[in-house]
Amino acid sequence: MIMKKKYIIGCMLAGLLLVSCNESSFLKETPKDFNSTGNSFITETDFNMSLNNLYSLIRLEYYGVDENTPFDYIYGTDLIYDGEPGTTNRSANMNAAFNPTASIPKVHWNNLYKIISEANTILSRLAAANITDDSKRTIEAKALFFRGMSYRTLAYLYGGVPIVLEELETPKTDFVRNTREETLQQAIDDVKKAAENLPDITAVKDGEISSPAAYHLLSEIYIAAGKNQEAVDAASKVINNPALTLMKQRFGSRANETPGDVYWDLYQVNNQNRATGNTECLWVIQYETNLPGGGSSTADLKNGGNYMLERHCAPMVRDVKLRVKEIVDGKEVTKDYTPFRWPVSDYTGGRGIGWGISTTYFTNTIWEDDFTGDIRNANHNFVRKFAVTKEDFKQKFGIDTIDVDNPPVNLIVGQGGSMTIPGRYLYAYQSKVTTPYNHPEELYANKATFELKAIAGTTYTDQYMFRLAETYLLRAEAFLNLNNKELAAADINEVRGRAHAKPVEASRVDLDYILDERMRELGVEEKRRITLMRTGKLYERVMKHNPFYANPETCGDGIGMLEKYNLWPIPQSAIEANIGAKLDQNPGYN
């Protein structure tokens, strides 16, 4: 499988954006006994090695470059807020997080242009390669897909950016910004050609990009560019593909377990790929634990590559306590009793530490129409009632479950009981962030009780980048933009129907409803910032639905959410390195 084997990349790909050093001719080497861009791009194997590196770069950018960076795509949105802003420091202080000198805009800018640079090297070297025309066509399609996807993300996050389409073999310091429209059009051109030339999903291995994955992405970019009929057409190519259907029956590695349902099955270990019978997956990012190059490790929690969704988004139930007054030796004393063992491989969230607290809008408001009927909101999918795991606590107090929405009197959370519910230590969360009763064997401190070692915290499953349910919601959005609410509602109801949720009436469908449905269906699986910045709704949705960022008193900068954050700033480092031309900054940033 792609990225499930280690590929030793022996070449250095040239062309990093905004290089400001000088190059002297006497430093140039003629490679004779080592690989370089000058002698490596010859055979099909050479190109495939470089393509495999692009898969790795994508996985790092969106899931595993370090323990925090991938979560820039969900913090600061309507989904979650910072449970310990002083430690994570990702978006609680927005002025610090999103100013031109901050690390967040810089690291994603650099990562995305690194992908573009390496794709450009592949594309520039193809003409002289000693491979068949068919192989060239496929390699070109893959490189164009990754380049187009990166320009799409840059356009959403920063607006218009410099468009670079050739390998850069010498320093260049005179970039100028293209418009957002030009950047989106470049993404469309790249991804459209990729979609037309990539193989069908039935002809690729798990983890590889395919024509349906490209058409899914193309549909999204068309919507961003205002080309809604084209978006409908692209999404329809995916939806009408006979090899792709929503999963509606239980399947996979734990299909006989209860509690569970088909939505729960989608997120269990080894269930994400077509090899397990999953006909809903379009593109799945591959992880293989403890295999060199596999992306995740049980030996080192903060290993570069680990996707720490469990660590961020599951609560830290260790510090939940019931405080009672008792008579001891004739005196009244206050005692605390803990209901949960921690960390445990169960629905309390593994070794979550509660950095990403679900908003009340996410946990409650969006479910009000069908709180009990929608299987996506069942307790095994969206955990609100936490089973007590300490038997002495059950016997003493007769309490089997701690309910977030109706906690016992005198329940306290956090050090000294100063925190609230919901808060870092107890809140409703999606169980898809963890693997209940199914962590890697070497992480168990006691398998009989499912107690975990302190090095747990990674989510050890393959991850959906694109899924067919989202394709339906993209087409619904395009239909809405074409003023066809009936067809928009029909697509939404395909997704809701699988979830046993009540169908939505066409008259209720608007963009906010679709964004809510994306929360219900995708939740923390989605790179939410990409969606909200694509639609221009980040500021509005945060102000309405995430009081943590909307309230200056809870944000670390005393200011909170500002409208300018609908776009990130151009990194100051890029502006300063671009000494040959002016790289304009986005409005509102100094």
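These numbers were taken from a predicted model, which means no experiment stands behind them.

A. Quick look at the overall build of the protein chain. Helix and strand content of the protein chain: 20 helices and 15 strands. The C-alpha radius of gyration of the protein chain comes to 25 Å, within 12% of the 25 Å expected for a compact globule of 590 residues. With respect to the principal axes defined by its C-alpha atoms, the protein chain has extents near 90 × 55 × 45 Å. Counting every position in the protein chain, which comprises 590 residues, the buried fraction comes to 59%. Put simply, of all contacts in the protein chain between residues at least 6 apart along the chain, 71% involve residues at least 24 apart. For the protein chain, the exposed area adds up to about 23100 Å²; of that, 48% sits on carbon and sulfur atoms.

B. Region of interest: the confidence of the model for the protein chain. Per-residue pLDDT for the protein chain averages 92, and the proportion of residues at 70 or more is 92%. In this model, residues 1-28 is a region of pLDDT below 50 whose contacts with residues beyond four sequence positions or in other chains number 70 contacts.

C. Molecular detail of the pairing of strand β5 (residues 320-328). Relative to strand β11 (residues 411-413), β5 runs antiparallel, the two being bridged by 3 bridges. Bridge pairing links Val 320 to Val 413 in β11. Sheet topology note: the β5/strand β6 (residues 331-337) ladder contains 7 bridges and is antiparallel. Bridged to Glu 326 within β6 is Val 333.

D. Summary view of the nonpolar core. Counting 156 residues, the largest nonpolar core has Phe 145 and Trp 283 as its most contacted members. Per element, the largest residue contribution to this core is 13 residues, and it comes from helix α6 (residues 133-158). Listed in part, the 11 residues of the second largest apolar core include Tyr 263, Tyr 267, Val 284 and Tyr 464.

E. Looking closely at the sheet that holds β5. Strand order in this open sheet of 3 strands is β6-β5-β11, and the pairing throughout is antiparallel. Edge positions in the sheet fall to β6 and β11, since each of these pairs with one other strand and no more. When the angles between neighbouring strand axes are averaged without regard to direction, this sheet yields 35°.

F. Seen up close, the side chain of Glu 118. Looking at the secondary structure, you find Glu 118 in helix α5 (residues 103-125). Given the relative accessible area of 4%, Glu 118 is considered buried. A polar side-chain atom of Glu 118 sits 2.7 Å from a polar atom in the side chain of Asn 53.

G. Highlighting unusual backbone geometry. Residues Thr 258 and Pro 259 are joined by a peptide bond in cis, for which omega reads -5°. Turning to its location among the elements, Pro 259 is positioned in the loop between α9 (228-239) and α10 (262-265). In the segment running from Ile 421 into Pro 422, the intervening peptide bond is cis, with an omega of -5°. On the secondary structure map, Pro 422 appears in the loop between β11 and β12 (429-430). The backbone phi angle of Asn 270 is positive, close to 75°, even though this residue is not glycine. Counting through the fold element by element, Asn 270 comes out in the loop between α10 and β2 (281-285). A positive phi is found at Asp 329, a non-glycine position, where the angle reads about 55°. The residue Asp 329 is located in the loop between β5 and β6 in this model.

Calculation notes
- Residues numbered from 1 in each chain as written.
- Predicted model: local features only at pLDDT ≥ 70, side-chain atom pairs only at ≥ 80, totals over all residues.
- Heavy atoms only, no water.
- Helix = DSSP H or I, 4+ residues; strand = E, 2+ residues; numbered from the N terminus.
- Rg over C-alpha atoms; globule rule 2.2 N^0.38 Å.
- Buried < 20%, exposed > 50% of the residue type's maximum accessible area, 1.4 Å probe, protein only.
- Contact = heavy atoms within 4.5 Å.
- Areas by Shrake-Rupley, 256 points an atom, 1.4 Å probe, with all protein chains shown as cover.
- pLDDT = per-residue confidence, 0-100.
- Pairing = 2+ DSSP bridges.
- Core = buried A, V, L, I, M, F, W, Y, C linked by side-chain atoms within 4.5 Å.
- Axes fitted to C-alpha atoms, helices over the stretch in contact; angles between N-to-C directions.
- Polar contact = N/O pair within 3.5 Å; in protein donor to acceptor, adjacent residues only side chain to side chain.

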